[in-house]
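Below, each chain spelled out in residue letters.
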Amino acid sequence: MYSEAKPRILFTRQEIEATVSQLAVRISKDYQDKNPLLIGILKGSFMFMADLIRLLNFPLEVEFIRLSSYGRGRASAGKIKVVQGLRTPIKGRDVLVIEDIVDTGLTITFLLDYLQKKQPASLKLCALTDKPSRRKIPVTIDYLGFTVPDKFVVGYGLDWDEKFRNLPDICYLEDE
Ligand code: 5GP
């Protein structure tokens, strides 16, 4: 699947830049005096996180968490595990989770439940992309970049089989 696929552009780097700037304005307004902890979900969110935090001109801290992932296929594995956990306590902190894509919603629901048990002062979600057509569990995305169609999305940090993360645009894969 997708081994012969060519990435096609969904959102250009210019559109991404404009959207990330708008998200940064909203996040700055909401978190200015809160010294929030931004938790990026590896690996897919690394590029988005790097661009976003450069536009946030107030004190904040950064953490990463790694969950077990889909592997090669596109169907949710169903079982989600924390592979690399937090090294910073989040009790009483204002936490903003940074995710690359919300698809069925299983992964992010698992993670938000996991974090909520650690008693943060607040817990919100910022997602670069949302694929609502495949949702299995309702998810509230507090800060959303783009809504994407039911396609396999790659680029700007997102991979297929560890490839395509380096594409500067948000693309989708279509078999020839
Ligand atoms: P969910 O649990 O919401 O179904 O899936 C979320 C995770 O699945 C994302 O963090 C991402 O790792 C992966 N995923 C879902 N859809 C896509 C997609 O279109 N492209 C890529 N690269 N990963 C996806």
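Structure report, in brief. (Residues numbered from 1 in each chain as written. Predicted model: local features only at pLDDT ≥ 70, side-chain atom pairs only at ≥ 80, totals over all residues. Heavy atoms only, no water.)

1. Thoughts on a positive patch on the surface
And step 1. On the surface, Arg26, Lys29, Lys34 and Lys124 cluster together to form a positively charged patch.
And step 2. Considering the arrangement of structural elements, one finds Arg26 in helix α1 (residues 13-31).
And step 3. Given a relative accessible area of 39%, Arg26 falls into the partly exposed group. (Patch = residues over 30% accessible without salt bridge, like charges linked within 9 Å, V, L, I, M, F, W, Y side chains within 5 Å. Areas by Shrake-Rupley, 256 points an atom, 1.4 Å probe, with all protein chains shown as cover. Salt bridge = Lys/Arg side-chain N within 4 Å of Asp/Glu carboxyl O. Lys, Arg positive; Asp, Glu negative; His and termini not counted. Charge placed at Lys NZ, Arg CZ, Asp CG, Glu CD. Helix = DSSP H or I, 4+ residues; strand = E, 2+ residues; numbered from the N terminus. Buried < 20%, exposed > 50% of the residue type's maximum accessible area, 1.4 Å probe, protein only.)

2. Quick notes on the nonpolar core
And step 1. With 26 residues, the main nonpolar core has Ile27, Leu52 and Cys126 as its most contacted residues.
And step 2. Every element with two or more residues in this core is listed here: α1, α2 (46-54), β5 (94-102), β6 (122-130) and β7 (143-147).
And step 3. If you tally residues by element for this core, the top one is α1, at six residues.
And step 4. Leu52 has contacts with Val20, Leu23, Ala24, Ile27, Ile98 and Cys126, leaving out every residue within four places of it along the chain.
And step 5. Core analysis: the next-biggest nonpolar cluster, separate from the first, contains 20 residues, Ile39, Ile41, Ile108 and Leu123 among them. (Core = buried A, V, L, I, M, F, W, Y, C linked by side-chain atoms within 4.5 Å. Contact = heavy atoms within 4.5 Å.)

3. Describing the pattern of salt bridges
And step 1. In the structure shown here, the tally under the stated rule is 12 salt bridges.
And step 2. Residues joined in a network through salt bridges with shared partners are Lys43, Asp159, Glu162 and Arg165.

4. Considering the packing of aromatic side chains
And step 1. Enumeration according to the criterion identifies three aromatic pairs in this entry.
And step 2. Taking 4.1 Å as the distance between ring centres and 25 degrees as the angle between the ring planes, the aromatic pair formed by Phe11 and Phe146 counts as stacked. Taken together, the residues span a long stretch of sequence, with Phe11 in strand β1 (residues 6-11) and Phe146 in strand β7 at a distance of 135 residues.
And step 3. Aromatic side chains Tyr31 and Tyr143 sit 6.5 Å apart centroid to centroid with 55 degrees between the ring planes, which places their arrangement in the tilted category. Taken together, the positions of Tyr31 in helix α1 and Tyr143 in strand β7 put the pair 112 residues apart, joining distant regions of the chain. (Phe/Tyr/Trp six-rings, centres within 6.5 Å; stacked < 30°, edge-to-face > 60°.)

Read these as layout, nothing more, since geometry by itself doesn't imply function.
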